[in-house]
Amino acid sequence: MSDRLLEIEDLRTYFHTLEGTLPAVDGISLHVDRGETLCVVGESGCGKSVTALSIMRLVPMPPGRYVSGKINLAGRDLLRLSKEDMRRTRGREVAMIFQEPMVSLNPVHTVGRQIAEAIQLHNGVGAREAMKQAVDALRMVRVPDPHLRVREFPHQMSGGMRQRAMIAMALSCRPKLLIADEPTTALDVTVQAQILELIRSLKHEVGMAMMLITHDLGVVAEMAQRVVVMYAGKVVEEGPVDAIFGEPLHPYTRGLLRSIPRLDQPRGPLAVIRGTVPSPLRFPSGCRFHERDPDALEVCRQKAPPLIDRGGHKVACWRHTPDVQEVV
């Protein structure tokens, strides 16, 4: 059996608005192997969350549309499934933890009922058995007194407990792939550490693969086996976590790493990447990062670089393309 669980090929997810077409995800390819943790990083607006929503088939249509590409999960193209088949797949084979649990959880239903609903849908059990499994799911994510917590509404729980409830819901049907979209963004540092350790231990316990979306490169270093760096709807670098941190090839990746404050260096101004991510309505020609790169080549302004493989470490940068002189 192949080790590849998820494979995305040339995915393009666009949004059609009154101002024009927004290529939020514009031709990305990536994969997740069975049992591994892939971290997807990049600034806000680079397409990370839209990639996750595309995998789950949760992009609102309209205004969104899957223009082209494939999303193969265990050999099945999710974009070709019927709505009913995708509904059965969502939760059972691939599940997602969203950024803000207070928004994702329904405020008018108890946490237990929401978890039990997913269990009933995918496991085909009765209401009583589903509620029992919901209690077990809360116990699995280390929620104290789970038999009492299932009766509480989201507003009665702390942020950390709500996030644990979301994790319990996502893992209740033992999915093959878990997508975690910045699962610790709204939590304080202590609770962040607890949630990340919980996710990591449950990942091994359940035996699933994980795609973790985050801004925090410290989390990446702790959790990932491989890293995908996205910028302006495209993958600009991909490789093992040691290679990305030890020898980053793309100027955007180097900029992200330089912007992390370090205790072993003298005090001074924080390093920043100049400018901002361009609007999807007005992406620049050529490499989409060239306007923010002080060392950009002329070819960077004229032509978009291909994503080339340098022995398992991929990068889309003309400086690392062997035939760059021919292109010029």
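Here is a short report on the structure shown in this document. Every value quoted in this text rests on a predicted model; they were computed, and no experiment measured them.

## Here's the deal with the environment of A74
- Its location among the elements puts A74 in the loop between β4 (64-73) and β5 (76-77).
- Judged by its relative accessible area of 32%, A74 is partly exposed.

## Some points on the sheet that holds strand β2 (residues 20-33)
- If you trace the four strands from one edge of the open sheet to the other, you get β2-β1-β4-β5, paired in antiparallel fashion. Only two strands of the sheet have a single partner each, and these edge strands are β2 and β5.
- Where strand β1 (residues 4-17) meets β2, eleven bridges bridge the pair, whose relative direction is antiparallel. Bridged to T17 within β2 is G20.
- Sheet strands touched by helix α1 (residues 48-55): β1, β2 and β4. Its angle to β1, the strand with the most contacts, is close to 110°.

## Quick word on unusual backbone geometry
- Here the amide bond leading from M61 into P62 is cis, since omega sits at -10°, within 30 degrees of zero.
- Along the chain, the position of P62 falls in the loop between α1 and β4.
- A cis geometry characterises the amide bond from P62 onward to P63, with omega recorded as 10°.
- Unusually for a residue other than glycine, D145 sits at a positive phi of about 50°.
- Here D145 shows up in the loop between α5 (127-140) and α6 (146-149).
- With a phi angle near 50°, A232 is a residue other than glycine that sits in the positive phi range.
- Locating A232 in the fold gives a position in the loop between β9 (226-231) and β10 (234-240).
- Of the residues examined, A232 reaches a relative accessible area of 1% and is grouped as buried.

## Observations concerning the environment of S68
- Residue position: S68 is located in strand β4.
- Overall, S68 belongs to the partly exposed group, its relative accessible area being 26%.
- Once the C-alpha coordinates of S68 and L11 are considered, the two residues, 57 residues apart in sequence, prove to be 5.8 Å apart.
- Once you skip the residues sitting within four places of it in the chain, S68 turns out to touch D10, L11 and R12.

## Digging into the nonpolar core
- Of all hydrophobic cores here, the largest spans 61 residues; its most connected members are I115, I167, L178, V220, V227 and Y252.
- When residues of this core are assigned to their parent elements, the largest contribution, seven residues, is made by helix α7 (residues 159-171).
- Setting aside residues up to four positions removed in sequence, L178 forms contacts with A95, M96, I97, A170, L171, M208, A209, M210 and M211.
- V94, L177, A209 and M211 belong to the second largest nonpolar core, which has 35 residues in total.

What counts, and at which threshold
- Residues numbered from 1 in each chain as written.
- Predicted model: local features only at pLDDT ≥ 70, side-chain atom pairs only at ≥ 80, totals over all residues.
- Heavy atoms only, no water.
- Helix = DSSP H or I, 4+ residues; strand = E, 2+ residues; numbered from the N terminus.
- Buried < 20%, exposed > 50% of the residue type's maximum accessible area, 1.4 Å probe, protein only.
- Pairing = 2+ DSSP bridges.
- Contact = heavy atoms within 4.5 Å.
- Axes fitted to C-alpha atoms, helices over the stretch in contact; angles between N-to-C directions.
- Core = buried A, V, L, I, M, F, W, Y, C linked by side-chain atoms within 4.5 Å.

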